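Spelled out, the chains give:
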Amino acid sequence: MSTKEKRILGALLGVHAGDSFGAAHEFETWQAIRARFPPNGAIPRAVTGGGPFGWSPGHATDDTDMTRAVLLAYKDCHSMGADSLSVARVASKHMLQWFYGPWVDRPAGSWPADIGGATTSGLSLLAKTIENSGQVDPRKAGAGHGSCGNGSLMRCIPTALFSEGGDQQRLVEETTLISAVTHNDWRCILACIAYNAMVRALAVDAATPAAAVEAGLEAVTDPQTANSILSILTVDGQRPGQMSTLRDAKDEVVAAIEKARLPGFRVAVLAEEGPHVKIEGDDGAEVEALPLEGRGFVLDSLILAIAAVLDTTRSWEDLIVDVVRVGRDTDTNGAVAGGLVGARDGIDAIPESWLSTLQFREEFTSIANQLMGSEK
Ligand SMILES: [Mg+2]
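Values in this document were obtained by computation on a predicted structure and should not be read as measured data.

Visitor: Please give an account of the pattern of salt bridges that cites residues and values.
Guide: By the definition in use, this model includes 21 salt bridges. Among the ionic pairs, Glu317 bridges to Arg45, the shortest N-O distance being 3.0 Å. Separated by 272 residues along the polypeptide, Glu317 in helix α14 (residues 316-325) and Arg45 in the loop between α2 (30-36) and α3 (62-77) bring together distant segments of the chain. Looking at Arg45, the relative accessible area reads 42%, which means it is partly exposed. Put simply, Arg328 and Glu293 hold a salt bridge, and the shortest N to O gap is 2.6 Å. Of this pair, Arg328 sits in the loop between α14 and α15 (330-345) while Glu293 sits in the loop between β2 (286-288) and α13 (298-310), placing them 35 residues apart in sequence. The class of Glu293 is buried, set by a relative accessible area of 12%.

Visitor: If you had to explain the side chain of Thr175 to someone new, which residues and values would you point to?
Guide: With respect to the element layout, Thr175 can be found in helix α7 (residues 168-180). The class of Thr175 is buried, set by a relative accessible area of 2%. Of note is the side chain of Thr175, whose polar atom sits 3.1 Å from the side chain of Asn196. Once residues lying within four places of it in the same chain are set aside, the contact partners of Thr175 are Thr159, Cys192, Ile193 and Asn196.

Visitor: Tell me what's going on with the nonpolar core, and back it up with residues and numbers.
Guide: Core analysis: the biggest nonpolar cluster contains 126 residues, and Phe162 and Tyr195 have the highest contact counts within it. Tallying contributions element by element places helix α8 (residues 186-203) first for this core, with 15 residues. Aside from chain neighbours lying at most four places away, what touches Phe162 is Ile8, Leu12, Leu71, Tyr74, Ala368, Leu371 and Met372.

Visitor: Residues and numbers for the packing of aromatic side chains, please.
Guide: With the rule as written, the count across this model stands at eight aromatic pairs. On the numbers, 4.4 Å between centres and 20 degrees between planes, the contact of Phe21 with Trp354 is stacked. Taken together, the residues Phe21 in helix α1 (residues 3-22) and Trp354 in helix α16 (residues 352-355) connect sequence positions 333 residues apart. Its relative accessible area of 1% is what places Trp354 among the buried residues. Geometrically, the ring pair formed by Trp316 and Trp354 is edge-to-face, given 5.5 Å between the ring centres and 75 degrees between the ring planes. Highlighted residues: Trp316 in helix α14 and Trp354 in helix α16, separated in sequence by 38 residues. Site record: aromatic cluster; members linked through ring pairs are Phe21, Trp316 and Trp354. Just above the ring of Trp103 sits the side chain of Arg68; from NZ or CZ to the centre is 4.7 Å.

Visitor: Any details on the packing of helix α9 (residues 209-221) against α13? Residues and values, ideally.
Guide: At a minimum axis distance of 9 Å, the contact between α9 and α13 shows a crossing angle of 150 degrees. Looking at the two axes, α9 sits roughly antiparallel to α13. The handedness of the crossing between α9 and α13 comes out as left-handed. Taking contact as the criterion, the partners of Pro209, Ala210 and Val213 in α9 are, on α13, Ile306, Val309 and Leu310.

Visitor: So what's going on with a negative patch on the surface? Which residues, and what values?
Guide: On the surface, a cluster of negative charge is contributed by Glu280, Asp282, Asp283 and Glu286. Structurally, Glu286 is set in strand β2.

Visitor: I'd like a description of the coordination of the magnesium ion, backed by residues and values.
Guide: The protein atoms donating to the magnesium ion are Thr61 (OG1), Asp62 (OD), Asp63 (OD) and Asp331 (OD), with metal-donor distances spanning 1.9 to 2.4 Å. Its relative accessible area of 0% is what places Asp63 among the buried residues.

How each quantity is defined
- Residues numbered from 1 in each chain as written.
- Predicted model: local features only at pLDDT ≥ 70, side-chain atom pairs only at ≥ 80, totals over all residues.
- Heavy atoms only, no water.
- Salt bridge = Lys/Arg side-chain N within 4 Å of Asp/Glu carboxyl O.
- Helix = DSSP H or I, 4+ residues; strand = E, 2+ residues; numbered from the N terminus.
- Buried < 20%, exposed > 50% of the residue type's maximum accessible area, 1.4 Å probe, protein only.
- Polar contact = N/O pair within 3.5 Å; in protein donor to acceptor, adjacent residues only side chain to side chain.
- Contact = heavy atoms within 4.5 Å.
- Core = buried A, V, L, I, M, F, W, Y, C linked by side-chain atoms within 4.5 Å.
- Phe/Tyr/Trp six-rings, centres within 6.5 Å; stacked < 30°, edge-to-face > 60°.
- Lys NZ or Arg CZ within 6 Å of the ring centre and 35° of its normal.
- Axes fitted to C-alpha atoms, helices over the stretch in contact; angles between N-to-C directions.
- Parallel < 35°, antiparallel > 145°, perpendicular 65-115°, else oblique.
- Left-handed = near helix turned anticlockwise from the far one by under 90°.
- Patch = residues over 30% accessible without salt bridge, like charges linked within 9 Å, V, L, I, M, F, W, Y side chains within 5 Å.
- Areas by Shrake-Rupley, 256 points an atom, 1.4 Å probe, with all protein chains shown as cover.
- Lys, Arg positive; Asp, Glu negative; His and termini not counted.
- Charge placed at Lys NZ, Arg CZ, Asp CG, Glu CD.
- Donors = N, O, S within 2.8 Å, 3.2 Å for Na, K, Ca; no water.

In structure tokens, the structure reads:
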């Protein structure tokens, strides 16, 4: 297996491993984790399962299940010459399959154990659209502006790895549509675009972490990105929102990325001192690391992942353990960081004892191999 293929697999299974590892601590605060695992929040370095939903070790939570839904779309559309909208439609169908069942080990009519609010309302709206028009249209779904959870960021990685052609516009369009099915707030869409540009730079182009983060910033600030987002989401001449609000969102996402790049912003520091720790800003003034404590805001998850990937002195395992020790939305924060650092370090960096527990290890590996095989 080439080093590029190892990075692609590391990214994909990094999401699953981070999710299944973090699931044991979902919703726990930094303080609670610190108190429960002395000394200083020394959580077990193993995929133990458990958590509030009582997962078996290595079981997928919504992060991995929804990543699977997107991955299956790339498998289905492989070599078919499908355009971005078609890929997003197929991904949407798989998401509905997960939502209503049957899904792998869940019967028809059963609900996912763990599901976010925006995902529930976005997919419910999508189902209603299908009922009314007979068409699966990801542009006519979404939880709306103001719903800025991390539920699309956690599942966006297959586009970075497997979108056809490798051109930037296609990456932006497909990432936009696949986020908008549930999370059409501009910040969610732009966070997914930044993340996927970074993942692609690392996994496919073998960029350094610093260069990859720069690529993410460029993707968000490129004027062409805003045009592509607005045009791909326009349906029947109806624009999805204002350019001015998109610009505001861009500024917010850029500020988040800049914060994660501060030399003092290290996941080891947050894990030791808590999410409210003060970090020295560019202007010398102190800024609070994560005022919302990483409890599900899309930019919190993005910041933690970027801070992790930029710490090149530490291993995938050490970084993901520390991201989870920060607390709150531990499975998703672990998944998002696990994917980005996995794109940096490759599949061999993820402990075999973790990989061997994962519910979809074999399936993800087999689909990735199939999709990568076409590149040779
Ligand atoms: Mg989850």
